[in-house]
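# Fold and contact review
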Amino acid sequence: MNSAETLERFRNCLEQLLGLVFPEGHHGLLTEVLRKRAGRRKLDDYLSELETSYDEEEISRLAAELTVGETLFFRHEKQLQTFIQWALPQRQKARQTLRRLSILSVGCSSGEEPYSLAMLLHQNFPVPDWKVQILGVDVNRKALAVARRGLYSSWSIRETPDHLLKRWFLPKGDQFLLDKNILELVQFEERNLNLPNSDLWLPGRWDVIFCRNMLMYFAPEKASRLVAHFARSLADGGFLFLGPAENLRGISQEFSVYYRDESFYYQLAPEPQPAISPLPLPVPRTRRPVATVSAPPRPGLNTELLRELLDNERYGQALELLERLPPSPELSLWKASVLVNSGKLEEAERVCQTLLHQPQSQAGAHLLLGMCRRELGELGAARAYFEQAARLDGQLALARVYLGMLLRRLGLAGLARTHLRQALTLLEKESEQRFLLFGGGYRRSAWQALCQSELERCPK
Ligand SMILES: C[S@@+](CC[C@H](N)C(=O)[O-])C[C@H]1O[C@@H](n2cnc3c(N)ncnc32)[C@H](O)[C@@H]1O
């Protein structure tokens, strides 16, 4: 094989694995990295390995060698001001009931971006009873290790305002150690954003997504897929910030772009466009505030403990808790619910299929199957499952809510209104336990508010 073909193959691997494209000018870099990573292996063998298996560590190393990790604290400062002065108050209002704010920094590199957000939030969002989550994700393991350590060079802090430098950084030799209180506000996860990462993209999960200076390195169709995930997982009215040199032209039509105080930001377009991209509904399903009303005690299953585990997104432990109990259809329903919440849709569907003919759990199983199909973008199937759930259990309020919201999205306003009105009546009597099982643990009042606002958005 000649070297042009070899490089082309390497390029293809990088696009398939990481979503990244390397234009012509990168010959030298690509050749060097290919040789280095192949080591003693023949280039051909190494490429075959890349083509046929997924080695997380190797992918992370390739990313470390090939991606631009350049970043700094308080980069694109105008955007950060827009975030604080414009986006934050709106999200605070929107999340007043849940009292939870979730921010994602995509391609966070060595952490300067999410830590800058943490410092700004610390200063501008002093609301102690709120849960604030800032998550930074990147494929580069080395960069994430730097982020977790929190020790930075003077180059990284070159645009940090003096008062913040004094307050939050401790000089250590010629470096600067970030204060523990800020380190604790940010979590980091190693993620290849070219993979599905379905748990990251649960509907309505994020209030604000920063994805700055990364999309421009992505192949257009990979960028499109990632941005579709953003659209799915941003709460209604949520914000997306891209780098100033990036835009969504040719990548997504689901967002509208806005300009404010010298910076651009994106929000989901006011009306969805199912003909172009039928996305699942932005129904809040995860973020659980601690319940104010206790779930009724049930022999065997400790629902309070389960609720606590789910609140903290400890899905693995929640499943373990369920596995320890004697199997029953009811327990399988709980298991399917946890699987849906953790984004394990295939597994959830498998469990639900076993419950479809069990009288106590068949309505619930249909409802959860509908949620899975909706997440997969199969709106017709989702609708059929929701309808069946509502038929099987006429009191199941959340089946009507999901159905009503889906119908509205499909443009069937009249039908949507009927179901949403019925849902409002049923929600008053719905049990706390069913909010945990099917409603992501959101309180009754949150569902009522959501239903009300859906009704208002149904054109007459
Ligand atoms: C230039 S940095 C951006 C840092 C920060 N967002 C900023 O604007 O200052 C781009 C980051 O994208 C990350 N990246 C590139 N491809 C990725 C992928 N497939 N999955 C996750 N991260 C990726 C790189 O590792 C790098 O850290």
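Residues numbered from 1 in each chain as written. Predicted model: local features only at pLDDT ≥ 70, side-chain atom pairs only at ≥ 80, totals over all residues. Heavy atoms only, no water.

### Section: the nonpolar core
Leu 367, Leu 398 and Trp 447 are the most contacted members of the largest nonpolar core, which has 64 residues in total. With nine residues, the top contributor of residues to this core is helix 17 (residues 397-409). Apart from residues lying up to four places away in sequence, Leu 367 is in contact with Phe 386, Ala 389, Leu 396, Leu 398, Ala 399, Tyr 402 and Phe 438. With 45 residues, the next largest nonpolar core counts Phe 22, Val 137, Phe 230 and Phe 255 among its residues. (Core = buried A, V, L, I, M, F, W, Y, C linked by side-chain atoms within 4.5 Å. Buried < 20%, exposed > 50% of the residue type's maximum accessible area, 1.4 Å probe, protein only. Helix = DSSP H or I, 4+ residues; strand = E, 2+ residues; numbered from the N terminus. Contact = heavy atoms within 4.5 Å.)

### Looking at helix 17
Given 3.6 residues per turn, any residue in an α-helix points the same way as the ones three and four places further on. In this model, helix 17 (13 residues) spans 19 Å end to end at C-alpha, consistent with the 18 Å of a helix rising 1.5 Å per residue. Burial analysis of helix 17 places 13 of its 13 residues in the buried class, which makes it a mostly covered element. A positive phi of about 85° marks Gly 411, the residue just after helix 17. (Expected span 1.5 Å × (residues − 1).)

### What about the side chain of Ser 263?
Within the element layout of this structure, Ser 263 appears in strand 10 (residues 263-268). Residues within four places of Ser 263 in sequence aside, it is in contact with Lys 78, Gln 79, Thr 82 and Tyr 258.

### Some points on the layout of surface pockets
Considered as a void within the structure, the largest pocket measures approximately 600 Å³ in volume. Every residue lining the largest pocket is counted, 21 residues in all, and those nearest its centre are Ala 94, Arg 95, Asp 236, Leu 450 and Ser 453. Elements with a minimum of two residues in the lining of the largest pocket: helix 5 (77-94), strand 8 (234-242) and helix 20 (444-456). With six residues, helix 20 is the single largest residue contributor to the lining of the largest pocket. The residue makeup of the lining of the largest pocket, split by class, is ten nonpolar, five polar and six charged. (1 Å grid on protein atoms, 1.4 Å probe; cavity = no way out; pocket = protein on both sides within 12 Å on 5 of 7 lines; lining within 4 Å. Points joined across faces, edges and corners; volume = space filled by probe spheres on them. Nonpolar A, V, L, I, M, F, W, Y, C, P; charged D, E, K, R; others polar.)

### Things to note about the domain arrangement of the protein chain
Examined at the domain level, the protein chain breaks down into domain 1 (3-66), domain 2 (77-268) and domain 3 (303-456). On a C-alpha basis, the centroid separation for the pair domain 2 and domain 3 is 30 Å. Taken residue by residue, the interface counts 13 residues in domain 2 and 14 residues in domain 3. Each partner contributes to the roughly 980 Å² buried at the junction of domain 2 and domain 3, and carbon and sulfur atoms together form 40% of this total. Interface area lost by domain 2 to domain 3 is led by Thr 97, Leu 98 and Leu 202, which between them contribute 39%. Taken together, domain 2 and domain 3 are joined by one salt bridge. Across the salt bridge formed by Asp 236 and Arg 409, the nearest N and O atoms sit 3.8 Å from each other. Taken together, the links from domain 2 to domain 3 amount to zero residue pairs in polar contact (both at pLDDT 80 or more). Of the residues belonging to the side of domain 2 that touches domain 3, the class tally is three nonpolar, three polar and seven charged. (Domains from an automatic or database assignment. Buried area = accessible area lost by both parts, 1.4 Å probe. Salt bridge = Lys/Arg side-chain N within 4 Å of Asp/Glu carboxyl O. Polar contact = N/O pair within 3.5 Å; in protein donor to acceptor, adjacent residues only side chain to side chain.)

### Details of the pattern of salt bridges
Throughout the structure, instances matching the rule amount to 28 salt bridges. Two residues, Arg 141 and Glu 190, come together in a salt bridge whose shortest N-O distance is 2.6 Å. Note that Arg 141 is positioned in helix 7 (residues 141-149) and Glu 190 in strand 6 (residues 186-190), a separation of 49 residues in sequence. Given a relative accessible area of 32%, Arg 141 falls into the partly exposed group.

### Let's talk about the site of the ligand
Around the ligand lies a shell of 20 residues, among which Thr 71, Arg 75, Asp 138, Leu 193 and Asn 213 are the nearest. In this structure, an oxygen atom belonging to the ligand sits 2.6 Å away from a side-chain N or O atom of Thr 71. Asn 192 places a side-chain nitrogen or oxygen 3.0 Å from a nitrogen atom of the ligand. Alone, the ligand offers 600 Å² of accessible surface; in the complex the protein occludes 99% of this. (Near = heavy atom within 4 Å. Areas by Shrake-Rupley, 256 points an atom, 1.4 Å probe, with all protein chains shown as cover.)

### Regarding the sheet that holds strand 5 (residues 175-178)
Here we have three strands laid out as an open sheet, ordered 3-5-4, and antiparallel in their pairing. Strands with a single pairing partner mark the edges of an open sheet, and in this sheet they are strand 3 (151-153) and strand 4 (169-172). Each adjacent strand pair in this sheet contributes to an overall mean axis angle of 35°, direction not counted. With four bridges connecting them, strand 4 and strand 5 associate as antiparallel partners. Bridge pairing in strand 5 links Leu 170 to Leu 177. (Pairing = 2+ DSSP bridges. Axes fitted to C-alpha atoms, helices over the stretch in contact; angles between N-to-C directions.)

### Re the environment of Val 33
If you trace the backbone, Val 33 turns up in helix 2 (residues 27-38). Placed 292 residues apart in sequence, Val 33 and Leu 325 show a C-alpha to C-alpha distance of 51 Å. Residues within four places of Val 33 in sequence aside, it is in contact with Phe 10, Leu 62, Glu 65 and Leu 66.

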